[in-house]
Amino acid sequence: MAELKIGFHVSIIGRIDEAVDRAVEIGCNTFQIFTRNPRSWKAEELKPDEIRDFTEKVEKYDMQPIFAHMPYLVNLASPRPKIYMLSKKTLKTELERCRILKIPYLVTHLGSHLGAGREKGLKRIIQAINEAYDSTNSEVMLLLENTAGMKNSIGSTFEEIKYIIDNLKSPDLVGVCFDTAHAYAAGYDLRTRRAVEETIHRLDGIIGFERLKLVHLNDSRGGLGSHIDRHEHIGLGNIGEDGFRAILKSRLGRLPLILETPIDERRSDVENLLKVLELAEAED
């Protein structure tokens with residue numbers, strides 16, 4: 001089996017280039033970061049020496065492709081004018097920060113229409129993405145992440161993600177991030193080899209597998225179709241070890257894998273990474 005491209009969402013506390021060191025320390029060959037404080041609308045300017053050290057370390061440790069994630073506050077589907085304006089501004093800023101840091105992919109949640117209606121929410125997302133690319137001329141690819149289907153959220157079905165992509169001015173600049181925990185909670189079964197292949201077949205038929213650039217590899221505390229967005233350690237949740245063995249041996253396992261598993265006393269990041277490697281190599 002080819003070597004897995006596997007990593008974690010790592011902290012940028014201190015200097016942004018220290019994120020690369022943290023990824024290397026736990027045995028990653030890819031990683032995901034926030035480029036700034038994810039709980040603030042304000043972004044500190046990237047310092048030239050940090051940009052240089054970050055890009056040099058990524059190259060030195062052969063980490064490409066790497067990924068950035070949009071901040072938590074962003075809601076591209078929001079009907080609230082101020083939040084929508086700030087969300088659009090943040091998207092433009094993040095595309096530019098990724099360009100400067102030579103990060104080829106930026107992951108975004110699609111947000112919530114907050115009861116204003118799915119159609120209006122979808123239109124806002126499409127408008128925000130179009131505006132961002134019109135104003136930045138960025139070649140960073142935006143990855144739309146599927147959601148667990150919580151109330152008023154957008155993007156829990158492959159059909160909604162396809163609708164957004166199909167209605168963009170530059171659909172080639174947008175891809176997909178497939179989160180296993182979110183998919184399972186949204187009703188896409190991943191517990192067996194047959195279920196995994198059926199889910200991949202549905203994704204391929206609706207969105208196109210070639211649009212998939214990243215897998216967020218997380219187990220789910222919520223049950224199938226529960227719409228509960230709670231990540232669990234690999235194999236300890238409702239997808240289970242058999243499910244992850246099937247995921248890793250499928251086409252999904254050939255894509256970059258980013259874990260966003262819990263931080264608690266039950267299992268460390270290194271132990272989750274070792275569990276993934278164990279399941280990938282296990283005999284059927």
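Predicted model, so just to flag it, every value in this text is computed and none were measured.

K.L.:
Any chance you could explain the overall build of the protein here in plain terms?
P.N.:
Across its full length, the protein carries 9 helices and 10 strands. Taking 284 residues into account, the globule formula puts the C-alpha radius of gyration at 19 Å, and the protein, at 18 Å, falls close to it. With respect to the principal axes defined by its C-alpha atoms, the protein has extents near 50 × 45 × 35 Å. Per-residue burial for the protein yields a buried fraction of 56% across its 284 residues. The long-range fraction of contacts in the protein, counting pairs at least 24 apart against all pairs at least 6 apart in sequence, stands at 77%. If you sum the accessible surface of the protein, you get close to 12,900 Å²; carbon and sulfur atoms cover 49% of it. Here the protein carries 40 positive and 44 negative side-chain charges, and the mean point of each set is 6 Å from the other.

K.L.:
Whenever I open this one, the pairing of strand β7 (residues 212-216) confuses me. Can you help?
P.N.:
In summary, the side chains of a regular strand alternate between the two faces of the sheet. Of all 5 residues in β7, 4 are buried; the element is thus mostly enclosed. Bridging between strand β6 (residues 174-179) and β7 involves 4 bridges; their strand directions are parallel. Note on β7: the bridge partner recorded for D179 is H216. Bridge count for β7 against strand β10 (residues 257-259) is 2 bridges, and the pairing is parallel. From the neighbouring strand, V215 faces β10, where its bridge partner is L257.

K.L.:
Looking at this structure, I do not really get the pattern of salt bridges. What am I missing?
P.N.:
Where charged atoms of side chains with opposite charge meet at close range, the side chains can pair. One pass over the structure, following the stated rule, counts 24 salt bridges. Of the charged contacts, one joins D53 and R15 as a salt bridge, the two residues approaching to 2.6 Å between their closest N and O atoms. One end of the pair, D53, is in helix α2 (residues 48-60); the other, R15, is in the loop between β1 (6-8) and α1 (18-25), and 38 residues separate them in sequence. Of the charged contacts in the structure, one is a salt bridge between E119 and K123, with a shortest N-O distance of 3.7 Å. Linking E119 with K123, this pair stays in helix α4 (residues 118-136), spanning 4 residues, or about one helical turn. For E119, a relative accessible area of 55% puts it in the exposed group.

K.L.:
Would you mind going over the layout of surface pockets with me for this structure?
P.N.:
Any space left empty among the atoms is revealed by the rolling of a water-sized probe across them. Looking at the largest pocket, its volume works out to about 1,100 Å³. Taken together, 39 residues line the largest pocket, and the ones lying closest to its centre are F34, Y72, H109, H231 and E260. Lining the second largest pocket are 19 residues, with I12, T35, R36, N37 and E44 sitting closest to its centre. Split into classes, the residues belonging to the lining of the second largest pocket amount to 6 nonpolar, 5 polar and 8 charged.

K.L.:
What is the right way to look at the sheet that holds β1 in this model?
P.N.:
What holds strands together in a sheet is hydrogen bonding between their backbones, with the strands either parallel or antiparallel. On the basis of which strands lie adjacent, the open sheet formed by 8 strands has the order β1-β10-β7-β6-β5-β4-β3-β2 and parallel pairing. Among the strands making up the open sheet, the edge pair consists of β1 and β2 (32-33).

K.L.:
Explanation requested: the environment of N152 in the structure shown.
P.N.:
Positionally, N152 belongs in the loop between β5 (141-145) and α5 (158-166). With a relative accessible area of 22%, N152 lands in the partly exposed category. When the C-alpha atoms of N152 and E3 are compared, they prove to be 39 Å apart, with 149 residues separating the residues in sequence. Discounting residues that sit within four places of it in the chain, N152 has contacts with G111, S112, H113, L114 and G115.

K.L.:
Is there a simple way to explain empty space enclosed by the protein in this structure?
P.N.:
Within the structure shown, the criterion is met by 1 cavity of 30 Å³ or more. Put simply, the largest cavity is a space of about 40 Å³. Every residue lining the largest cavity is listed: I129, N130, Y133, D134, L168, K169 and S170. Per-class residue counts for the lining of the largest cavity are 3 nonpolar, 2 polar and 2 charged.

K.L.:
Would you explain the packing of aromatic side chains in this entry?
P.N.:
Aromatic ring pairs are reported here in terms of the distance separating the ring centres and the angle at which the planes meet. In total, this model carries 5 aromatic pairs according to the counting rule given. Measuring from ring centre to ring centre gives 5.1 Å for F34 and Y72, while their planes differ by 65°; the resulting arrangement is edge-to-face. With F34 in the loop between β2 and α2 and Y72 in the loop between β3 (67-69) and α3 (81-101), the pair connects residues that are 38 residues apart, well separated along the chain. For F34, a relative accessible area of 11% corresponds to the buried category. In textbook terms, an aromatic cluster arises when at least three aromatic residues are bridged by ring pairs, as seen for F158, F178 and Y188. Taking NZ or CZ as reference, R251 lies 4.3 Å from the ring centre of F209, over its face.

K.L.:
Just to check I follow, could you spell out the nonpolar core for this structure?
P.N.:
In summary, soluble globular proteins display a tendency toward joint burial of nonpolar side chains. Counting 77 residues, the largest nonpolar core has F31, F54, I129 and L217 as its most contacted members. Looking at this core, the element that brings in the most residues is α4, giving 7 residues. Beyond its immediate sequence surroundings of up to four residues, L217 is in contact with T180, I234, F244, I247, L248, L257, I258, L259, E260, T261 and V276. One finds V107, M141, L143 and L214 within the second-largest nonpolar core, a separate group that totals 8 residues.

The rules behind these values
Residues numbered from 1 in each chain as written. Predicted model: local features only at pLDDT ≥ 70, side-chain atom pairs only at ≥ 80, totals over all residues. Heavy atoms only, no water. Helix = DSSP H or I, 4+ residues; strand = E, 2+ residues; numbered from the N terminus. Rg over C-alpha atoms; globule rule 2.2 N^0.38 Å. Buried < 20%, exposed > 50% of the residue type's maximum accessible area, 1.4 Å probe, protein only. Contact = heavy atoms within 4.5 Å. Areas by Shrake-Rupley, 256 points an atom, 1.4 Å probe, with all protein chains shown as cover. Lys, Arg positive; Asp, Glu negative; His and termini not counted. Charge placed at Lys NZ, Arg CZ, Asp CG, Glu CD. Pairing = 2+ DSSP bridges. Salt bridge = Lys/Arg side-chain N within 4 Å of Asp/Glu carboxyl O. 1 Å grid on protein atoms, 1.4 Å probe; cavity = no way out; pocket = protein on both sides within 12 Å on 5 of 7 lines; lining within 4 Å. Points joined across faces, edges and corners; volume = space filled by probe spheres on them. Nonpolar A, V, L, I, M, F, W, Y, C, P; charged D, E, K, R; others polar. Phe/Tyr/Trp six-rings, centres within 6.5 Å; stacked < 30°, edge-to-face > 60°. Lys NZ or Arg CZ within 6 Å of the ring centre and 35° of its normal. Core = buried A, V, L, I, M, F, W, Y, C linked by side-chain atoms within 4.5 Å.

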